Amino acid sequence: MQQNIPEETTSFVGRAAELARLAEALREQRLVTLVGGAGVGKSRLALHALGTAPPGAGSIYWADLWPLRSDELLAATVADALGLSDHTPRMPLDALCGWVADRAVLLVLDSCEHLVPSCRHLVGELLTACPHLTVLTTSREPLGAIREAVLPVPPLAPGTEAVALFRQRAEAVGRPLREVSEQRLAAGLCARLDGVPLALELAAAQLRHHTLAETSDRIRSGLDLLDPPGRSGPRGSGPGPSDSGRSDSGPPSAGSGPWSGSTPGGSTPGGSTPGGSTPGGSTPGGAAAGRSGPGSSGPGEELRRPARHSAVRTAVGWSHELCRPTERLLWARLTVFPAGFDGGLAEQVCNGGPLTPEELRSCLAGLVNKSVVTVEGGRYRLLDSIREYGRMWLRELGETEQLAARHAAAIVELSRQARTEWPGARQQAWYERVEELYHDVREALRFLLGSDPAGALELAGNVAFFWVCCGHLYETHHYLELALACTEGSSEARTRGLWSLGLARVLHGDHESGRSFAELTRQEAALARNDEGLRGAAYLEALAALLAGRPLAALATADAALRDTGRAPGPAFGSTLCRLARLFALTGAGRLKEARREAEALRRECVRLGEYWTRSYTDYQLALIALFEDRPGPAGAHARDMLDAKRRIGDRFGIALGLELLAAAQAREGEPERAALAYGAAAQHWEIVGHPQRGTPEVAPLRDEGQAAARARLGDAEYEALFREALHADRDEVLARATRAARENRR
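Residues numbered from 1 in each chain as written. Predicted model: local features only at pLDDT ≥ 70, side-chain atom pairs only at ≥ 80, totals over all residues. Heavy atoms only, no water.

(A) Region of the structure containing the overall build of the chain. Along the backbone of the chain there are 33 helices and eight strands. Here the chain holds 747 residues, and the buried ones make up 58% of them. Long-range contacts, defined here as pairs at least 24 residues apart, represent 76% of the contacts in the chain between residues at least 6 apart. Working note: accessible area of the chain is about 28500 Å², and carbon and sulfur atoms make up 51% of it. (Helix = DSSP H or I, 4+ residues; strand = E, 2+ residues; numbered from the N terminus. Buried < 20%, exposed > 50% of the residue type's maximum accessible area, 1.4 Å probe, protein only. Contact = heavy atoms within 4.5 Å. Areas by Shrake-Rupley, 256 points an atom, 1.4 Å probe, with all protein chains shown as cover.)

(B) Quick look at the pattern of salt bridges. In the structure shown here, the tally under the stated rule is 52 salt bridges. For R515, the salt bridge identified is with E512, shortest N-O distance 2.8 Å. On the criterion of helical spacing, the pair formed by R515 and E512 is a turn pair, its members being three residues apart in helix α22 (residues 511–527). Across the pair E671 and R674 runs a salt bridge, and its minimum N-O distance is 3.3 Å. A cluster of three or more residues bridged by salt bridges with shared partners is formed by D559, R582, R591, E594 and E598. (Salt bridge = Lys/Arg side-chain N within 4 Å of Asp/Glu carboxyl O.)

(C) Examining helix α7 (residues 180–192) more closely. Taking 1.5 Å as the rise per residue, α7 with 13 residues should run 18 Å; its terminal C-alpha atoms sit 19 Å apart, in good agreement. Inspection of α7 places A186, L189 and C190 among the buried residues, and these make up the whole buried set. For α7, the arc enclosing every buried residue in end-on projection is 100°, short of the 170-degree limit, so these residues lie on one face. Exposed residues pointing more than 90 degrees away from the buried face of α7 are listed as V180 and R184. Among the residues trailing α7, D194 stands out with phi positive, at a value near 60°. (Expected span 1.5 Å × (residues − 1). Arc of directions from axis to C-beta.)

(D) Highlighting the environment of L156. Secondary-structure assignment places L156 in the loop between β6 (149–152) and α6 (161–172). Residue L156 is classed as buried on the basis of its relative accessible area, which comes to 4%. Spatially, the C-alpha atoms of L156 and R15 are 7.5 Å apart, while their sequence positions differ by 141 residues. Discounting chain neighbours no more than four positions away, the residues touching L156 are V13, R15, E161, A162, L165, D194, G195 and P197.

(E) Focus on the packing of α22 against helix α23 (residues 531–547). Running from amino to carboxyl end, α22 crosses α23 at an angle of 165°, the nearest separation of the two axes being 8 Å. It follows that α22 is roughly antiparallel to α23 by the angle criterion. The two elements α22 and α23 cross, and the hand of that crossing is left-handed. In this structure, α22 uses H511, G514, R515, F517, A518, T521, R522, A525 and A526 to contact α23, whose residues at the interface are G533, L534, A537, A538, L540, E541, A544 and L547. Residues belonging to the contact of α22 with α23 are distributed by class as follows: 10 nonpolar, four polar and three charged. (Axes fitted to C-alpha atoms, helices over the stretch in contact; angles between N-to-C directions. Parallel < 35°, antiparallel > 145°, perpendicular 65-115°, else oblique. Left-handed = near helix turned anticlockwise from the far one by under 90°. Nonpolar A, V, L, I, M, F, W, Y, C, P; charged D, E, K, R; others polar.)

(F) Region of interest: the environment of Q417. Locating Q417 in the fold gives a position in helix α16 (residues 400–420). On a C-alpha basis, the gap between Q417 and N462 in space is 9.1 Å, while along the polypeptide they are 45 residues apart.

(G) Structural detail: the packing of helix α13 (residues 343–350) against helix α14 (residues 357–369). Relative orientation of the contacting elements α13 and α14 amounts to 125°, with a least axis distance of 10 Å. Relative to α14, the element α13 is oriented oblique. Like other packed secondary-structure pairs, α13 and α14 cross with a definite hand, here right-handed. Contact residues: G343, A346, E347 and C350 in α13; P357, L360, R361 and L364 in α14.

(H) Region of interest: the nonpolar core. Ranked by size, the top nonpolar core spans 181 residues in total, and within it F166, L334 and W613 carry the most contacts. Excluding anything up to four places from it in sequence, F166 contacts L177, A186, L189, C190, L200, A203, A204, L207 and L212. Listed in part, the 33 residues of the second largest apolar core include A81, W99, C112 and V123. (Core = buried A, V, L, I, M, F, W, Y, C linked by side-chain atoms within 4.5 Å.)

(I) Broad picture of the packing of aromatic side chains. On inspection of all chains with the given rule, the structure shows 22 aromatic pairs. Ring geometry for W613 against Y617: centres 5.1 Å apart, planes inclined by 70°, an arrangement best described as edge-to-face. Linking W613 with Y617, this pair stays in helix α27 (residues 613–628), spanning four residues, or about one helical turn. Accessibility classification places W613 together with Y617 in one group, the buried group. The ring centre of W99 lies 4.2 Å from the NZ or CZ of R103, which sits over that ring. (Phe/Tyr/Trp six-rings, centres within 6.5 Å; stacked < 30°, edge-to-face > 60°. Lys NZ or Arg CZ within 6 Å of the ring centre and 35° of its normal.)

(J) Representation of the side chain of H508. Residue placement: H508 occurs in the loop between α21 (492–507) and α22. H508 sits in the buried class, given a relative accessible area of 11%. In this structure, H508 is in contact with D86, H87, T88, P89 and L473, ignoring residues within four places of it in sequence.

(K) Seen up close, the pairing of strand β2 (residues 31–35). Taking burial as the measure, the five residues of β2 include five buried ones, the bulk of the element. When β2 meets strand β5 (residues 133–139), the two strands line up parallel, connected through five bridges. Bridge assignment links V32 to a residue of β5, and that residue is L136. (Pairing = 2+ DSSP bridges.)

(L) Examining helix α19 (residues 453–469) more closely. Taking 1.5 Å per residue as the helical rise, α19 with its 17 residues ought to reach 24 Å, and the 24 Å between its terminal C-alpha atoms agrees with that figure. Counted residue by residue, α19 has 15 buried out of 17 residues, so it is predominantly covered. The first or second residue beyond α19 is G471, which carries a positive phi of 100°.

(M) Main features of the state of the cysteines. Per the stated rule, a full pass over the model turns up zero disulfides. Free of any disulfide, C130 has its nearest neighbouring cysteine sulfur in C97, separated by 4.9 Å. (Disulfide = S-S within 2.5 Å.)

(N) Representation of unusual backbone geometry within the structure. Even without glycine at this site, A101 takes up a positive phi of about 45°. With respect to the helices and strands, A101 occurs in the loop between α4 (92–100) and β4 (105–110). A relative accessible area of 26% means that A101 is categorised as partly exposed. Positive phi, normally seen in glycine, also occurs at R529, with a value near 50°. Relative to the elements of secondary structure, R529 occurs in the loop between α22 and α23.

(O) Layout of the pairing of β4. Taking burial as the measure, the six residues of β4 include six buried ones, the bulk of the element. Neither face of β4 is exposed, since V105, L107 and L109 on one face and L106, V108 and D110 on the opposite face are all buried. Relative to β4, strand β3 (residues 59–64) runs parallel, the two being bridged by six bridges. Following the sheet pairing, S59 is matched in β4 by V105.

(P) Region of the structure containing the confidence of the model for the chain. Summarising the model, the chain shows a mean pLDDT of 84, and 85% of its residues fall at 70 or more. Every residue in residues 223–309 scores below 50 in pLDDT, and together they form 189 contacts with partners more than four places removed in sequence or on other chains. (pLDDT = per-residue confidence, 0-100.)

Okay, structure coming up:
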């Protein structure tokens, strides 16, 4: 069963021997590292190998590490790749070990080179705790772990596989190689580029604009630009397998990458200044725009000297030289994005100077045509080597801090829109958007913590409710603690930050801490005369009381807040939460008719607004009330509606709750097979969130009753078989199966 595996978007060429060695290593070893230089195809080899993995490999998960700037959230990133949504106070590494446990799992960690010591520690802990785990990593250097099987990844054979790859890519850009002379030129070009796949891809992309002969001559010229005898290139130059002078001790400064580097190209940077000039019109270092002569000197002269021979450096630098000046400028500015990005955000962050919106769109299309920017699922991405080259140019332009600030400002503004529009019809779209921007939010928070802590606090508070819903509880807690520690004084952002941190604590199971943060939130809100903050504090206190089995205390708290502050005009966040807490409390107190009436009224408002989060919990309460009233048909219908809403916003915790009510309804309706499957699916989701079961205390008797009824009808053996089938099935497939079966049965 494969999970979150990237799609192969182009054909795979050759590598039969490497694939065979890798398959053998994965059968016999528990830690395998593919090692090779930049652009040699390590990630692609690993990805293609997964398509032929034997059935016994178990579940396969892929974790991209290249967006990480430091190791502080390494384990959380891997946990996210596994789909975990841990709601316990454990550290992410402990949660990982606890979930993998004795499962058969193949975990791929892609691009470990900038985090080698931390990856070595994480992998060691996982392999020690999880006896059936196998780890495949890709890196420019070995991890140095005990019993690590290191498989070198060489370039493609220049005379065969490399030519085949180049021929396919040339045909893909509309320049098939038909003549014998073209075949000879291609073979020579592949040999000069040492068969390095990335270099070949970049060279083939240039055939859109140049003949093969011109391309071959350009490459030959680039490779002839070697350093004088006895002179080595600048220390740490360019992306390559020897770039290992990195530190994982903490977040690097804004604009620095996980690999430091100077000129990584065969072209002379002095002759291809990004954009020709900065937006203000002057070139880096004050040099005039245009091509510098061989004897030019001045600031950055060391950086402008060509690096030693490297196929990737040559191809990347040569591609840079062939770009239009504005394309070079955009290339540099796009490196501000830590992961994939969309065109709208690129236009918002990277415009300015010669990059007007229209010119930027044209340049982005040009960079895609030159294979500098790749497109995956409608989003754009720079490959590592290309990103590092662009970052070097951004530093030369002196725009690193400026672009980081613009990126952070854009993300803060998006977070404000998300928070403001949460109660309405765009709620689902914002959940998807905030999740899509996960790496951007983290990068913006990292920058703002060092430059504008108040901005960091606002951003962390704005995304907190989205993040805790989508499983990023640890990150929410981590950034809120840092931002609150860096700021002081009363403000709306501080009130929201305290409230959000309290919510994260409650959802981690620390109810006492949640009550303490509710009081801190109340104090801050009172100082600022912030009614919305007061309602939020009341909800937090009521939620802690509900989870502790004290519905009357929760009811009194919610009623007092709604009475004292009044209802805000329109669908306000705090008022909605207090009404929801009141609804839960009425059900817990046994006031079912009143609870049903209020739940139906609140649900109608949510349907009118197109909102899903609150609506899902009104359906949860209506299902629970129907079960208490022995109306399993309506209970199942409301449980399915809840599951549909939770699926839309990615709430695994809520899905676990909904599956349990659906199972109880199915058991009551005499459908023990479906009940057993739904209970197994619920158990799988409870494992994802790190709890055997959660929810308010009144749910437990329904769970026990439903499981006992299904067992009695099926017998222990059949019940356990169905339960375990669902427990180990694909989580999304089993959710669809549980809800689809119920719908089909209702017809």
